[in-house]
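Inside the fold
Residue strings, one per chain:
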Amino acid sequence: MDLKYVQRIEKQFLLYAYWIGLGILSSVGLGTGLHTFLLYLGPHIASVTLAAYECNSVNFPEPPYPDQIICPDEESTEGTISLWSIISKVRIEACMWGIGTAIGELPPYFMARAARLSGAEPDDEDYQEFEEMLEHAETAQDFASRAKLAVQNLVQKVGFFGILACASIPNPLFDLAGITCGHFLVPFWTFFGATLIGKAIIKMHIQKIFVIITFSKHIVEQMVAFIGAVPGIGPSLQKPFQEYLEAQRQKLHHKSETGAPQGENWLSWMFEKLVVVMVCYFILSIINSMAQSYAKRIQQRLNSEEKTK
């Protein structure tokens, strides 16, 4: 087999694994969850959208795409960029990320299913909260409890299409759907199939279209103009964004990066620090969650030892 062919397969495999891994991190439920759509996939889609309108093409040279986006050498016909062409360009990355988010929803399902079959009480706050909610379902008064009960009833009564509906929209309560499906022994492929279709196809296309429309050329120009119209501080805020966009245009057209505008450095520096802060917070939340779980197990063991004395 040709070495270049093998290297291409390896590169594609690593690319798919990268986006699936980011999707899992976004929904697996460790600590607070890492918002990888906002930090990675969203910016990637936005970059492709801005580049597509500037280059009037999505046929970016590979390599360096997807590591770096530059305009193709050939000139494209004016007015050929469409919403669908940009959606198609980022479909693989987005679908792989969506598959990862679906995989990340499996732990609550398996945990609740194992607890129901074994009769054991798992050391999980979400599952304990779910059981308390079932016990006090008739007396629930606050909005949060009613919303959780609505999700639980939808999944339990409607089945596949209820799970699909919950997975197809941004839903912070979807962990409850996984616990509900596991607790009521919903078949695995019913749960995972609906979750996969909802998250990797329906929800992912909704999010993609939103980002692409938001970062389309005329919308971006209107946003920059709106920033400049803010009384007093508008022009000073507008300048870094204008310089950043101009620097990106120069990069796309292979122009020298020497003497890049300061605005680009400022915005890039801010985003890089935001990513570092959110990743560190994610790691600390995992450590804190594990420490709380460990302390709770120790306390429960001490309590049980005192009762046996």
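Residues numbered from 1 in each chain as written. Predicted model: local features only at pLDDT ≥ 70, side-chain atom pairs only at ≥ 80, totals over all residues. Heavy atoms only, no water.

With that out of the way, let us pick up the overall build of the chain. In terms of regular secondary structure, the chain is built from 13 helices and zero strands. Beginning at the N terminus, the succession of helices and strands in the chain can be written as α-α-α-α-α-α-α-α-α-α-α-α-α. Out of the 309 residues belonging to the chain, those deemed buried represent 35%. Sequence separation of 24 or more characterises 68% of the internal contacts of the chain that already satisfy a separation of 6 or more. In the structure as shown, the chain presents an accessible area of about 18400 Å², 63% of it carried by carbon and sulfur atoms. (Helix = DSSP H or I, 4+ residues; strand = E, 2+ residues; numbered from the N terminus. Buried < 20%, exposed > 50% of the residue type's maximum accessible area, 1.4 Å probe, protein only. Contact = heavy atoms within 4.5 Å. Areas by Shrake-Rupley, 256 points an atom, 1.4 Å probe, with all protein chains shown as cover.)

For the rest of this paragraph, the subject is helix 4 (residues 91-104). Taking 1.5 Å of rise per residue, 14 residues should cover 20 Å, and helix 4 covers 20 Å from first to last C-alpha, within 8% of that figure. Among the 14 residues of helix 4, ten are classified as buried, and the element is accordingly described as predominantly covered. Listed as buried for helix 4 are Glu93, Ala94, Cys95, Met96, Trp97, Gly98, Gly100, Thr101, Ala102 and Gly104. Against the buried residues of helix 4 lie helix 1 (3-27), helix 2 (36-55), helix 3 (83-89), helix 5 (106-118) and helix 10 (188-214). (Expected span 1.5 Å × (residues − 1).)

Taken as a whole and judged by the stated rule, the model has one disulfide. What pairs with Cys55 in a disulfide is Cys71, and their sulfur atoms sit 1.8 Å apart. Residues Cys55 and Cys71 are joined by a disulfide whose S-S torsion is about -75°; by sign, that bridge is left-handed. Separated by 16 residues along the polypeptide, Cys55 in helix 2 and Cys71 in the loop between helix 2 and helix 3 bring together distant segments of the chain. Here Cys71 falls in the buried class, since its relative accessible area comes to 3%. Take Cys166: it sits in no disulfide, and the sulfur closest to it among the cysteines is that of Cys181, at 8.6 Å. (Disulfide = S-S within 2.5 Å.)

Residues Ile197, Ile201, Ile202 and Ile206 make up a contiguous nonpolar surface patch of roughly 320 Å² in combined accessible area. Examined against the element boundaries, Ile197 turns out to sit in helix 10. (Patch = residues over 30% accessible without salt bridge, like charges linked within 9 Å, V, L, I, M, F, W, Y side chains within 5 Å. Salt bridge = Lys/Arg side-chain N within 4 Å of Asp/Glu carboxyl O.)

Next up on the list: the packing of aromatic side chains. Counted under the stated rule, the structure contains eleven aromatic pairs. Seen in terms of ring centroids, Tyr109 and Phe191 are 4.8 Å apart; in terms of plane orientation they differ by 5°. Their pairing is stacked. On the criterion of sequence distance, the pair formed by Tyr109 in helix 5 and Phe191 in helix 10 is long-range, its members being 82 residues apart. There is no split in this pair, since Tyr109 and Phe191 are both buried. On the numbers, 5.3 Å between centres and 85° between planes, the contact of Phe160 with Phe161 is edge-to-face. Overall, Phe160 belongs to the partly exposed group, its relative accessible area being 29%. (Phe/Tyr/Trp six-rings, centres within 6.5 Å; stacked < 30°, edge-to-face > 60°.)

So, about the nonpolar core. Counting residues in each nonpolar core, the largest one holds 26 residues, and the members touching the most others are Trp19, Leu41, Val48, Phe60, Ile86 and Trp97. Only helix 1, helix 2, helix 3, helix 4 and helix 10 provide two or more residues apiece to this core. Here the element with the most residues in this core is helix 2; it accounts for eight residues. Those residues in contact with Leu41 that lie beyond four places of it in its chain are Trp19, Thr36, Glu93, Ala94, Trp97 and Met204. Of all hydrophobic cores here, the second largest spans 13 residues; its members include Tyr109, Ile163, Ala177 and Ala194. (Core = buried A, V, L, I, M, F, W, Y, C linked by side-chain atoms within 4.5 Å.)

Of note, Ile202 is situated in helix 10. Leaving out residues up to four positions away in the same chain, Ile202 has contacts with Leu164, Ser168 and Ile197.

What follows covers the pattern of salt bridges. Inspection of every chain in the model, using the stated rule, returns one salt bridge. Between Lys199 and Glu105 there is a salt bridge, and its shortest N-O distance comes to 3.6 Å. Note that Lys199 is positioned in helix 10 and Glu105 in the loop between helix 4 and helix 5, a separation of 94 residues in sequence. Each member of the pair, Lys199 as well as Glu105, is classed as buried.

On to the packing of helix 1 against helix 2. Orientation of helix 1 relative to helix 2, taken along the N-to-C sense of each, is 145°, at an axis distance of 9 Å. You can see that helix 1 and helix 2 cross each other, and the crossing is left-handed. Where helix 1 approaches helix 2, its residues Tyr18, Trp19, Leu22, Gly23, Leu25 and Ser26 are matched on the opposing element by Thr36, Tyr40, Leu41 and His44. Of the residues assigned to the contact of helix 1 with helix 2, the class counts are six nonpolar, four polar and no charged. (Axes fitted to C-alpha atoms, helices over the stretch in contact; angles between N-to-C directions. Left-handed = near helix turned anticlockwise from the far one by under 90°. Nonpolar A, V, L, I, M, F, W, Y, C, P; charged D, E, K, R; others polar.)

What follows is about the UniProt feature "transmembrane region" (unreviewed entry) in the chain. When the UniProt feature table is mapped onto this chain, "transmembrane region" (unreviewed entry) is found at residues 16-41, 176-197, 209-230 and 274-291. Helix makes up 82% of residues 176-197 and strand 0%, and the two end C-alpha atoms of the span are 18 Å apart. Structurally, residues 209-230 is divided into 82% helix and 0% strand, and its ends, taken at the C-alpha atoms, are 28 Å apart. (UniProt positions renumbered as here; feature names shortened; annotations may be inferred.)

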